Amino acid sequence: MRLLLIEDEERLATALSHGLRGEGYAVDVAHDGREGLDLARTHPYSALILDIMLPGLNGYAVCANLRGAGSTVPMLMLTAKNGEYDEAEALDTGADDYLSKPFSFVVLLARLRALLRRGGAVRSPVLRVGDLWLDPAARRCRRGDVEVRLTAKEFAVLECLARRPDEAIAKIDIIDEVWDQAFDGDVNIVEVYVRALRRKLDVPFGRSTIQTVRGAGYRLAARDA
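Per-chain numbering applies: the sequence of each chain, read as written, is numbered from 1 onward. Owing to the predicted nature of the model, reporting of local features is limited to residues with pLDDT of at least 70; listing and counting of side-chain atom pairs is limited to 80 or more, with chain, interface and lining totals taken over all residues. Note that water and hydrogens are dropped before the side-chain values are worked out from all heavy atoms of the structure.

Another point: the overall build of the protein chain. For the protein chain, the count of helices and strands is eight helices and 11 strands. Each radius of gyration reported is based on C-alpha atoms, and the globular scaling rule is 2.2 Å times the count of residues to the power 0.38. Against the 2.2 N^0.38 benchmark of 17 Å for 225 residues, the protein chain shows a C-alpha radius of gyration of 18 Å, consistent with a compact globule. Each principal axis of the C-alpha distribution contributes one length, and for the protein chain these read about 55 × 35 × 30 Å. Three labels apply to residues, based on accessible area from a 1.4 Å probe with only protein chains included: buried if under 20% of the type maximum, exposed if over 50%, partly exposed otherwise in between. Counting the 225 residues in the protein chain, one finds 47% classified as buried. Any two residues having at least one pair of non-hydrogen atoms within 4.5 Å are treated as being in contact. Taking the contacts inside the protein chain whose residues are at least 6 apart along the sequence as the reference set, 56% of them involve residues at least 24 apart. Accessible surface for the protein chain amounts to roughly 10,800 Å². Of this, 49% is attributable to carbon and sulfur atoms. Across the protein chain, 31 positive and 34 negative side-chain charges occur, with their mean positions spaced 7 Å apart. Numbering of helices and strands runs from the N terminus, with a helix taken as a DSSP run of H or I at least four residues long and a strand as a DSSP run of E at least two residues long. In short, Shrake-Rupley with a 1.4 Å probe defines the accessible areas, and a residue's cover is counted only from the protein chains shown. In this tally Asp and Glu are treated as negative and Lys and Arg as positive; neither His nor the chain ends contributes. Positions of charges follow a simple convention, taking NZ of Lys, CZ of Arg, CG of Asp or CD of Glu.

Printed below as a string of structure tokens:
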């Protein structure tokens, strides 16, 4: 699941992005409003976390611009300001939630999970592909009635496949969705996670739903081949 963090305080941006990546999210970071707006227009982020006081364009302007263009991406606004009028303006502009600095990272994660559960207009909060069930916000996965424990990155790769069931997805597209802009490694890293997912989700259940499509990528099939 890929997030965009727009925050001009570099120490805070570094701490938040590190913490979020530790929770399994891919995180792109922008330090000013114009750069953040360009990224938000370019990539299909699962959620945005943006400061209000930004150089270039402030958070209100970024939010209003995206909402005016029809974006339904969930947005959590951060600010050093404190007052009901600031909160009201954030929500009136189109933000989904508001968090005043200083804040607890645990609280930010809880607010983010709540936004992801509600999702935007184009995202379902729970994914079902055949007998496979995924809850992206809670990071839970089941095959039938059996809960399967996945690492954060395994879950992110599976979620990418599950959002486009029965469709072949190229490695580079999985990289773009699951890893962030800082990734400069080999795209074949995807193979490592696909093998791990097969060991956990297919082999124990006698299934073959995570399929290789030669020359095209990987497909999560609703039924075995």
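With the exception of glycine, most residues fall at negative phi, and the peptide bonds are largely trans. In this structure, the amide linkage connecting Lys101 to the following residue, Pro102, adopts the cis form with an omega of -5 degrees. Not every positive phi belongs to a glycine, and Asp166 is a case in point at roughly 60 degrees. When you line up the elements, Asp166 lands in the loop between helix H6 (152-162) and helix H7 (171-178). Assessed through its relative accessible area of 48%, Asp166 is described here as partly exposed.

This brings us to the domain arrangement of the protein chain. All domain edges in this entry derive from an automatic or database-based domain assignment. Domain boundaries assigned for the protein chain yield domain 1 (2-119) and domain 2 (127-220). The gap between the C-alpha centroids of domain 1 and domain 2 is 27 Å. Listed per partner, the contact involves 15 residues of domain 1 and 10 residues of domain 2. In short, buried area is how much 1.4 Å probe accessible area vanishes from two parts on joining, totalled over both. When the buried area of domain 1 at its contact with domain 2 is split by residue, Arg2, Gly24 and Ala26 rank highest and sum to 40% of it.

We now examine the UniProt feature "modified residue: 4-aspartylphosphate" (unreviewed entry) in the protein chain. UniProt positions are given in the numbering used here, feature names are shortened, and annotations may be inferred rather than shown by experiment. The UniProt feature table records "modified residue: 4-aspartylphosphate" (unreviewed entry) at Asp51. Here Asp51 is to be found in strand E3 (residues 47-51). Sequence-distant contacts of Asp51, defined by excluding residues within four places in its chain, comprise Ile6, Glu7, Asp8, Gly59, Leu78, Thr79 and Lys101.

Here strand E10 (residues 210-213) pairs with strand E11 (residues 217-220) via four bridges, running antiparallel. Note that in E11 the partner of Thr212 across the bridge is Tyr218. Strand pairing is defined by DSSP finding a minimum of two bridges between the two strands. Counting the residues in the hairpin turn of E10 and E11 gives three residues, including Gly215, whose phi is positive at 80 degrees.

In spatial order, the strands read E2-E1-E3-E4-E5; together these five strands make up an open sheet with parallel pairing. Each having just a single partner strand, strand E2 (26-30) and strand E5 (97-100) make up the two edges of the open sheet. Taken pair by pair, the neighbouring strands of this sheet meet at an average axis angle of 20 degrees, ignoring direction. Orientation is described by axes fitted as lines to C-alpha atoms, over the contacting stretch for helices, and by angles from 0 to 180 degrees between their N-to-C directions. Across the sheet, helix H2 (residues 33-42) lies against strand E1 (2-6), E2 and E3, angled at about 140 degrees from E2, the strand it touches most. Across the face of the sheet, helix H5 (residues 105-118) comes into contact with E1, E3, strand E4 (75-79) and E5 while running at roughly 175 degrees to E5.

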